[in-house]
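Tertiary structure, described
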Amino acid sequence: MTQEYEVIIGMEVHAQLLTQSKMFCGCSADYADAPPNTHVCPVCMALPGALPVINRAAVEATIRTGLALNCEIASFSLFARKNYFYPDLPKGYQISQYELPLTRNGWVEIEDDQGRPKRVRIRRAHLEEDTGKLVHMDGYSLVDLNRAGVPLLEIVTEADLRSAEEAYRYLRKLRAILRYLGVSTADMEKGAMRCEANLSVRPKGQKEFGTKVEIKNLNSFKAVRDAIAYEVERHIRILEEGGTIEQVTLGWDAARGRTFIQRSKEEAHDYRYFPEPDLLPLEVEEGWVDELRETLPELPDAKMERFAQRYGLSRKEAWIVVEEQDVAEWFEAAVQAYGDAREVYNWLTGEIFRYLNETGTPITALKVSPERLAELLRLVDRGVINRNTAKAVLQEMLQTGRSAQGIVDEKGLAQVSDEAALTQIVEEILAAHPDEVARYRGGKKGLFGWFMGQVMRATRGKANPDLVRKILQEKLGG
Amino acid sequence: MELYQLTAHEARDLLRRGDISATELTRAVLQRITAVEPRVKAYITLTPEVALAQAAEADKRFAEARRAGTVDQLPDLLGIPLAVKDVISTAGIRTTCASKILDDYVPPYDATAVVRLREQGAVIVGKTNTDEFAMGWSTENSAFGPSHNPWDLSRVPGGSSGGNAAALAADATIIAIGSDTGGSVRQPAAFCNLVALRPTYGRVSRFGLVAFASSLDQIGPMTKDVTDAALVYQAIAGHDPKDSTSVNRPVEDVMSELGREVKGLRVGVPKEYFGEGIDPNVARVVRQALSVLEDLGAHLEEISLPLTQHSIPVYYIIAPAEASANLARYDGVRYGYRAEASTLWEQYKRTRGQGFGPEVKRRIILGTYALSAGYYDAYYLRAQKVRTLIRREYEKAFEQVDVIAGPVTPVLPWPIGWAMENPVQAYLTDLLTISQAIAGVPAMAVPAGFWDDLPVGLQLVGRPFDEPTLFRLAYAYEQATGWGKRRPATL
Amino acid sequence: MPLSRQDVEHVAWLARLELTDEEIQRLQVELSAILEYARMLEQIDVSQVPPTATVLPMRNVMRDDEVAPSLPRDVVLANAPDQEEGYFRVPPVLETE
């Protein structure tokens, strides 16, 4: 490829807010396992005459999110009706925000593809309501309104993203922020966070933007990466061939790994937004914002910086334990209990992460407490067990939740640090393998590890390796 | 005097004394309905079983209270027959909005106003005719056919709450509640020699009132006299947490206003209310009514509300715009009429095309157009700005006067069929009732006399939340004239 | 400026209203008359005037985040023109029109 191209991406994310009740009525917002149409009332099924009332918790969650995204909080904002017809939209309009959203003009920091920090500007984060769900059957469709009216936060970026990977990192960062705030599960697989991307491609150096396409219904991180990568490739191919790109709305077919046209430009919506006359404006005073600011936790970026500085981690390393708040808390507790952050970091991101991934366990369900990990590491420090034994003990701890000391005692795993006993074992082994001893002394130094292995085997791995090394060096000479 | 001719407060006194029972009263009204309904066609749905059950319940409460000596503490409207406009949701009772699209819809819930009237023990005798979704002036736009004016059966009773007006004038109910978006309780009251109040916007909960234009709709009483209007108003007014636009402030005791002096009240008479487009006969009758106010000690002052005429286009942009969204829910998915089709989009178009009548379609198209891309600023936004000016015009006027008075409507009741043939001209008959809705101020219609045996109404407009002054003046006028006591001879 | 047939058809499409030819013709005439009448508003200088979306001076009308009972499902579906296994049933929804 001789010509270089620039990719311009903006993201639109919808995140369900974790409220008890729906956005405008008292129906429970926790519809996950409910039978169809059982979380429905006159308001959310749009019976004639029913009226909406704003859920304060949803407004507060939006303001808190706006603050976390470095947004301005509007002192005056309005709800608006977004008019369109669809069977999952009972009123025939969605109550949303249009001209005067609750929050706008913020930013989120990510790393660009060169690893440099980069700010992705947030155009707005506003409040609206979710739609119901359609189930497509053979020759007809079914409508379930349990989800209709669940509060939804819409977060729109400026077109600041330049690659599928940047888009991916932005979403991961955004998800972490939403989870830290506790405003959303932001679980893409369960539909609590849904993405759309606006994308265009232009030859590098060209001033005008390329034709923009919109990719809807990106329902997993993988879908976001794959769909964007697919579209970038498609755009470049068309441009290379001298073709023109159509302005369309696309869907993503994950099974076939390709996009498909959902709507052409001619069918573009005219949403006829106008101020919602059933609701009154919101006036957010500074005092209220200050109160909400007080409730913000330490956010992922701040925590990442602090971990990096305090615990001697790189920012990349820090992010690995910071992305999930529960992990970060576990890490800090373990560091506090043990002292050596690097050691805790290695064990956490090594053995423990492997276990979590393999078993699909969340860290909150981990049977090993940070204090118990500290106890295990102290056994290694005191020479009671060696690192290899410690790994085995940790596995047992992860399975059973028992203490390290208990496992070591029961299984007699304490390592042998009795110099006289180890010297005797070393002498026996050297006597049994005169050829190897001769070859070692003849310059084949690589055999040292083999001798170590023999000793460890003879002691069933319990020998203190440092001590064994010392004795072997003495007995073998040089 | 027949029982069905009673006002609510007269009936209340008889019920409390035990002279009549609620069941007797209800039966009398139901029989009267049977007798006159073929000619006036005031009702869409009659609910005799519900009514008699509620009446029996009321009689039980009277009996218990009488034993306990607490009859005077019973609610004023206990056992009183009530008609409910069919755009107000009634649990378990079909609520059609006079539309084919809802002709078999039975709501599972009561409007808040109905809840409050039921709590008082009012007896629902039926759901009354209206223009479809309250869009009209005459009930001619009802899918169930027009109601007839008891004063002249060939003429309209007004609208959109025309069924209520026809029922009250025919003594086919004792009290009624309607809705007013641009005059829909006041104009039919004027056409049928009745009292009606459009309360201050936000005074009565809209929860359960099927929305026409949300920023303008208000539920209001329609009654045979001012005292009854006060009783119904007192029952339905007040804060409702289910309606975000319902005002949280105590309701004044309007009953205590009845009989108070009106001497010194400053009454503004806008010259635009007697200008172009006003039937001179209507103007003559209302001038006479104004002179009565003067005789009672009120000071008349000519004022000017120059934006009166502009209120018509403001209204006919804002109301249809809101309506176009409010009526989007009628899609044949969850309730109401459905025209079968093989695809969803076909079903939507046919359901709505067949389910809505001509006036509703006209307004949906108009409102959709006014909101659509490229026209929003020119129509909707501009109308909202002029709305601000109309509000300010009222605020300024009320610095000068306490009440504004004039005709309710520029015309006398017209022959059935006229508005259907002249829909655009019919829009102009809203001239005198629209601006109050746009400004959100309370306004009342009171019988002002007759021209050619057709009733004429006097309109009294007040400051926001100053319903007490309206009741005081209306009552004084009613006592001085007694026009409301006249009953149509034709029935 | 009178409304064209296409104008009415487009708006009818936005509003999902099926109209007959006769209705379209009538609406062209009637809407043109109403919009012409609305030009009266152009006489007024509104450049310095804020719009009124609501006449009420109230702000921040909100409710606490508390769950209230939903309707029983048979009540939710009681008025449904068509239903299946607890769902509202509709003809197939195609992604494009």
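Just so you know, these numbers come straight off a predicted model, no measurement behind them. Numbering of residues begins from 1 in every chain and follows the order in which that chain's sequence is written. As a convention, the first chain written is A and the first ligand written is 1, with the rest following in written order. A pLDDT threshold of at least 70 governs which residues receive local features in this predicted model, and a stricter bar of 80 or more applies before side-chain atom pairs are shown or counted, although totals over entire chains, interfaces and linings include all residues. Water and hydrogen atoms play no part in the side-chain values, which are based on all heavy atoms of the structure.

**Re the overall build of chain B**
Just so we agree on the cut-off: For helices the rule is a DSSP run of H or I covering at least 4 residues; for strands it is a run of E covering at least 2, with both sets numbered from the N terminus onward. Radius of gyration: C-alpha atoms only; globule rule: 2.2 Å multiplied by the number of residues to the exponent 0.38. Throughout this description, buried means an accessible area under 20% of the type-specific maximum (1.4 Å probe, protein chains only), exposed means over 50%, and partly exposed covers the range between. Only heavy atoms enter the contact rule, under which two residues are in contact if any of them lie within 4.5 Å. To measure how exposed things are, a 1.4 Å probe is used in the Shrake-Rupley method; for residues, cover is taken only from the protein chains shown. Positive charges are assigned to Lys and Arg, negative charges to Asp and Glu, while His and the chain termini are left out of the count. A single reference atom marks each charge: NZ on Lys, CZ on Arg, CG on Asp, CD on Glu.
For chain B, the helix and strand inventory stands at 16 helices and 11 strands. For chain B, whose C-alpha radius of gyration is 21 Å, the value lies close to the compact-globule estimate of 23 Å for 491 residues. Once the C-alpha set of chain B is aligned to its principal axes, its extents read approximately 70 × 60 × 45 Å. Across the 491 residues in chain B, those meeting the buried criterion constitute 71%. Summarising the internal contacts of chain B: among those between residues at least 6 apart in sequence, 76% fall at separations of at least 24. Total accessible area on chain B is roughly 14300 Å²; 49% of this is exposed by carbon and sulfur atoms. Across chain B, the centroid of the 51 positively charged side chains sits 3 Å from that of the 56 negatively charged ones.

**Examining the overall build of chain A**
Across its full length, chain A carries 15 helices and 17 strands. If one aligns the C-alpha atoms of chain A with their principal axes, the spans along those axes are about 95 × 55 × 50 Å. Relative to its full complement of 478 residues, chain A shows a buried share of 57%. Excluding contacts between residues fewer than 6 apart, the proportion of contacts in chain A whose partners are at least 24 apart in sequence is 68%. Counting every atom, chain A has about 20800 Å² of accessible surface; 46% of that belongs to carbon and sulfur. Computed over 63 positive and 73 negative side-chain charges, the inter-centroid distance for chain A is 4 Å.

**Let's talk about the interface of chain A and chain B**
In plain terms, the rule: By buried area we mean the combined loss of accessible area, with a 1.4 Å probe, across both parts when two parts are placed together. When a carboxyl oxygen of Asp or Glu lies within 4 Å of a side-chain nitrogen of Lys or Arg, that pair is called a salt bridge. Residue classes follow a fixed rule: Ala, Val, Leu, Ile, Met, Phe, Trp, Tyr, Cys and Pro count as nonpolar, while Asp, Glu, Lys and Arg count as charged, and any other residue, Gly among them, counts as polar.
Residue-level contacts link 31 residues of chain A with 39 residues of chain B. Here chain A and chain B share an interface that buries about 2800 Å² over both sides, 62% of which is from carbon and sulfur atoms. There are one salt bridge connecting chain A and chain B. Residue arginine 206 of chain B is joined to aspartate 278 of chain A by a salt bridge in which the shortest nitrogen-to-oxygen separation is 3.0 Å. Those elements that place two or more of their residues in the side of chain A that touches chain B are β5 (80–83) and β16 (274–275) of chain A. Taken together, the residues of the side of chain A that touches chain B sort by class into 23 nonpolar, three polar and five charged.

**Things to note about the sheet that holds strand β3 (residues 87–90) of chain C**
Within a sheet, adjacent strands bond to each other through the backbone by hydrogen bonds, running parallel or antiparallel. Condition: Should DSSP find at least two bridges between two strands, the strands are regarded as paired.
Taken in spatial order, the four strands make up an open sheet running β9(A)-β10(A)-β3(C)-β2(C), and their pairing is antiparallel. With partners counted over all chains shown, the strands left at the sheet margins are β9 (133–136) of chain A together with β2 (83–84) of chain C, one partner each. In this structure, β9 of chain A lies alongside strand β10 (residues 141–144) of chain A, joined through four bridges in antiparallel fashion. Its bridge partner lying in β10 of chain A, histidine 136 of chain A is registered against serine 141 of chain A.

**As for the interface of chain C and chain B**
Applicable threshold: Any pair of N or O atoms that falls within 3.5 Å is considered a polar contact. Within protein, one atom must be able to donate a hydrogen and the other to accept it, and sequence-neighbouring residues count only if both atoms are side-chain atoms.
Listed by partner, the interface residues are 52 residues for chain C and 66 residues for chain B. Summing both sides of the interface, chain C and chain B together bury roughly 5200 Å²; the carbon and sulfur share of this comes to 70%. At the boundary of chain C with chain B, the tally comes to three salt bridges. Here lysine 361 of chain B and glutamate 23 of chain C are joined by a salt bridge, their closest N and O atoms 2.6 Å apart. Where chain C packs against chain B, one counts 16 residue pairs in polar contact (both at pLDDT 80 or more). Where the side of chain C that touches chain B is concerned, the elements lending two or more residues are α1 (5–14), α2 (21–38) and β3 of chain C. Counting residues per element, the side of chain C that touches chain B draws most heavily on α2 of chain C, which supplies 10 residues. Each residue belonging to the side of chain C that touches chain B can be placed in one class, and the counts come to 37 nonpolar, five polar and 10 charged.

**Notes on the sheet that holds strand β8 (residues 299–303) of chain B**
Residue and element names in this part refer to chain B. This is how the line gets drawn: Angles here are taken between N-to-C directions and fall from 0 to 180 degrees, while the axes themselves are lines fitted to C-alpha atoms, restricted in helices to the stretch in contact.
Ordered in space as β1-β3-β2-β4-β6-β5-β10-β11-β9-β7-β8, the 11 strands form an open sheet in which the pairing is mixed. Bordering the open sheet on either side are β1 (43–46) and β8, each of which pairs with just one other strand. The mean inter-strand angle of the sheet, taken between neighbouring strand axes irrespective of direction, is 30 degrees. Bridge analysis of strand β7 (residues 266–270) against β8 gives five bridges, and the strand direction is parallel. Residue pairing for β8: arginine 266 is matched across the bridge by histidine 299.

**Considering the confidence of the model for chain B**
As a reminder, the rule being used: Each residue carries a pLDDT score, the predictor's own confidence in it, on a scale running from 0 to 100.
Across chain B, the average pLDDT comes to 97, with 100% of residues at or above 70. Interface scoring of the predicted complex returns ipTM 0.97; its pTM is 0.93.

**A closer look at the pattern of salt bridges**
Any two side chains of opposite charge can pair if their charged atoms end up close together. Evaluated as defined, the whole model comprises 75 salt bridges over all chains. Ionic pairing is found between glutamate 359 of chain B and arginine 362 of chain B, a salt bridge with its closest N-O pair at 2.2 Å. Highlighted residues: glutamate 359 of chain B and arginine 362 of chain B, both in helix α11 (residues 358–371), separated by three residues, approximately one helical turn. The exposure classification of glutamate 359 of chain B matches that of arginine 362 of chain B, with both residues buried. Overlapping salt bridges bring together Arg81, Glu276 and Asp278 of chain A together with Arg206 and Asp243 of chain B as one network.

**Remarks on unusual backbone geometry**
Trans peptide bonds make up the majority, and among non-glycine residues the majority have a negative phi. Residue and element names in this part refer to chain B. A cis geometry characterises the amide bond from glycine 159 onward to serine 160, with omega recorded as 10 degrees. Position of serine 160 relative to the elements: it lies in the loop between β3 (123–128) and α5 (162–169). At aspartate 453, a residue that is not glycine, the phi angle is positive and equals roughly 65 degrees. Looking at the element boundaries, aspartate 453 is found in the loop between β10 (443–451) and β11 (454–462). The exposed category is assigned to aspartate 453, whose relative accessible area is 57%.

**Quick notes on the packing of aromatic side chains**
Basically, it comes down to this: Each aromatic pair joins two rings of Phe, Tyr and Trp (for Trp, the six-membered one) with centres within 6.5 Å, and gets the label stacked for planes under 30 degrees apart, edge-to-face for over 60, and tilted for any other angle.
Enumeration over the complete set of coordinates arrives at 36 aromatic pairs over all chains. Between phenylalanine 331 of chain A and tyrosine 345 of chain A, the aromatic rings sit 6.2 Å apart at their centres with planes inclined by 90 degrees, giving edge-to-face as the arrangement. Remark: tyrosine 345 of chain A occurs in helix α8 (residues 341–359) and phenylalanine 331 of chain A occurs in helix α7 (residues 325–338); sequence separation between them is 14 residues. Like phenylalanine 331 of chain A, the residue tyrosine 345 of chain A is buried in the burial classification. Measuring from centroid to centroid gives 5.7 Å for phenylalanine 191 of chain B and tryptophan 414 of chain B, while their planes differ by 90 degrees, and the two rings are edge-to-face. Of this pair, phenylalanine 191 of chain B sits in helix α6 (residues 186–191) while tryptophan 414 of chain B sits in the loop between β9 (403–407) and α13 (418–421), and the two are 223 residues apart along the sequence. Assessed through its relative accessible area of 1%, phenylalanine 191 of chain B is described here as buried. Judged by its relative accessible area of 5%, tryptophan 414 of chain B falls in the buried class. Aromatic rings pair up to connect Tyr105, Phe133, Tyr330, Tyr335 and Phe356 of chain B into one cluster.

**Points about the environment of glutamine 459 of chain B**
Residue and element names in this part refer to chain B. Within the secondary structure, glutamine 459 is located in strand β11. When its relative accessible area of 0% is taken as the criterion, glutamine 459 is described as buried. For the pair formed by glutamine 459 and valine 333, sequence separation is 126 residues and the distance between their alpha carbons is 43 Å. A polar contact of 2.8 Å, which involves the side chain of glutamine 459, links it to the side chain of arginine 186. At a separation of 3.4 Å, a polar atom in the side chain of glutamine 459 contacts the main-chain carbonyl oxygen of proline 407.

**Quick notes on the state of the cysteines**
The test is simple: Here, two cysteine sulfur atoms that lie within 2.5 Å of each other are counted as a disulfide.
Here the structure, examined in full by the defined rule, presents zero disulfides over all chains. Distance from the sulfur of cysteine 195 of chain A, which forms no disulfide, to the nearest cysteine sulfur (cysteine 71 of chain A) is 17 Å.

**A look at the pairing of β7 of chain B**
Residue and element names in this part refer to chain B. How we decide: Looking down the strands as they point away from you, a crossover is right-handed if its path from the first strand over the helix to the second goes clockwise.
For β7, the buried fraction is high: four of the five residues fall into the buried class. One crossover worth recording links β7 to the parallel β8 by way of helix α8 (residues 280–295), and it is right-handed. Of the strand pairs in this sheet, β7 and β9 are connected by two bridges, and their pairing is parallel. Bridged to valine 267 within β9 is valine 403.

**Quick notes on helix α3 (residues 221–240) of chain A**
Structurally, the α-helix is built with 3.6 residues per turn, so residues lying three or four positions apart point the same way. Residues and elements named next belong to chain A. Just so we agree on the cut-off: How far a helix is expected to stretch is found by multiplying one less than its residue total by 1.5 Å.
Look at α3: 29 Å from first C-alpha to last across 20 residues, which is about the 28 Å you get at 1.5 Å a residue. Taken residue by residue, α3 has Phe221, Ala223, Val224, Ala227, Ile228, Glu231, Val232, Arg234, His235, Ile236 and Ile238 as its buried positions. Just downstream of α3 lies glycine 242, where phi reads positive at about 80 degrees.

**Description of the environment of histidine 136 of chain A**
Of note, histidine 136 of chain A is situated in strand β9. Here histidine 136 of chain A falls in the partly exposed class, since its relative accessible area comes to 45%. C-alpha separation for the pair histidine 136 of chain A and glutamate 317 of chain A, spaced 181 residues apart in sequence, amounts to 45 Å. Once you skip the residues sitting within four places of it in the chain, histidine 136 of chain A turns out to touch Ser141 of chain A together with Val93 of chain C.

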